[in-house]
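# Structural overview for review
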Amino acid sequence: MAGVGLRRGIKKNRSYTYDEAARVLGTHKNTIRGWVRSEGLPALTGERPHLIVGEDLTAFLKSRSAKRKTSLTATQAYCFKCRAPREPALGMADLIITEGAAPNLCALCPTCGGTMHRRISRAMIGKLHGKLDLTVRQAPESL
Ligand SMILES: [Zn+2]
């Protein structure tokens, strides 16, 4: 079920539950949940079940594959709204530390004001100190 062309199965004007989106994409619903939680996939979370608009999902998948080809400098993160790498606004970023997972760099896009996320290795944290104004936070235990 994986591969090129799956996006065609997504209808722009339809809303998908995480389950449905996972089925269309041939992935697990936890993957979808992870995209919403930490990779900036927009979701309508006001009511249950949470819904993802097809158009948002398509845009997310496009920028996600673009991201793979884009190399970021140490301090940049990828903005899904601008679909471009950006330096964090005001040189400020939150570093969210999760037990057993890669740290998540969270910053605001200087161009559109959207939230940018980037998974980084622990080794990279040292390189960021002095270049970015980092606020280190422990992730709330939500799982
Ligand atoms: Zn942006």
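## Thoughts on the overall build of the protein
Tallying secondary structure elements over the protein gives 4 helices and 8 strands in all. Mapped in sequence order, the helices and strands of the protein form the string β-α-α-β-α-β-β-β-β-β-α-β. Taken over 143 residues, the protein has a buried fraction of 20%. A separation threshold of at least 6 residues defines the contact pool for the protein, and within that pool the share at least 24 residues apart is 51%.

## Let's talk about unusual backbone geometry
Following arginine 48, the chain continues into proline 49 via a peptide bond in cis, with omega recorded as 0 degrees. The backbone of arginine 83 shows a phi angle near 55 degrees, a positive value even though the residue is not glycine. Classification of arginine 83 as partly exposed rests on a count of 13 C-beta atoms within 10 Å.

## Concerning the pairing of strand S8 (residues 133-138)
Within S8, only 0 of the 6 residues are buried, which leaves the element largely exposed. Sheet topology note: the strand S5 (residues 92-97)/S8 ladder contains 6 bridges and is parallel. By the bridge assignment for S8, isoleucine 97 is matched with glutamine 138.

## Quick look at helix H1 (residues 18-25)
Among all positions of H1, only Tyr18, Ala21 and Val24 are buried. The arc that holds the buried residues of H1, viewed along the axis, is 130 degrees, so those residues lie on one side. Residue glycine 26 follows H1 closely and has a positive phi angle near 70 degrees.

## Describing the environment of threonine 75
In this fold, threonine 75 is placed in the loop between helix H3 (54-69) and strand S3 (77-79). Separated by 53 residues in the primary sequence, threonine 75 and leucine 128 have C-alpha atoms spaced 6.5 Å apart. Beyond its immediate stretch of four places on either side in the chain, threonine 75 contacts Glu87, Pro88, Leu128, Lys131 and Leu132.

## Digging into the nonpolar core
Of all hydrophobic cores here, the largest spans 11 residues; its members are Ile10, Tyr16, Tyr18, Ala21, Val24, Ile32, Trp35, Leu41, Ala43, Ile52 and Leu57. Of all the elements in the fold, those that place two or more residues in this core are H1 and helix H2 (29-38). The greatest single-element share of this core, amounting to 3 residues, is contributed by H1. With residues near it in sequence (within four places) discarded, alanine 21 still touches Tyr16, Ile32, Ile52 and Leu57.

## So, the packing of H1 against H2
Two numbers describe how H1 lies on H2: the axes approach to 8 Å, and their chain directions differ by 110 degrees. It follows from the interaxial angle that H1 and H2 lie roughly perpendicular. You can see that H1 and H2 cross each other, and the crossing is right-handed. Contacts between H1 and H2 pair Tyr18, Asp19, Ala21 and Ala22 from the former with Lys29, Thr31, Ile32 and Arg33 from the latter. By residue class, the composition of the contact of H1 with H2 is 4 nonpolar, 1 polar and 3 charged.

The rules we used
- Residues numbered from 1 in each chain as written.
- Predicted model: local features only at pLDDT ≥ 70, side-chain atom pairs only at ≥ 80, totals over all residues.
- Helix = DSSP H or I, 4+ residues; strand = E, 2+ residues; numbered from the N terminus.
- Buried ≥ 20, exposed ≤ 12 C-beta atoms within 10 Å, placed from the backbone.
- Contact = placed C-beta atoms within 7 Å.
- Pairing = 2+ DSSP bridges.
- Arc of directions from axis to C-beta.
- Core = buried A, V, L, I, M, F, W, Y, C linked by C-beta atoms within 7 Å.
- Axes fitted to C-alpha atoms, helices over the stretch in contact; angles between N-to-C directions.
- Parallel < 35°, antiparallel > 145°, perpendicular 65-115°, else oblique.
- Left-handed = near helix turned anticlockwise from the far one by under 90°.
- Nonpolar A, V, L, I, M, F, W, Y, C, P; charged D, E, K, R; others polar.

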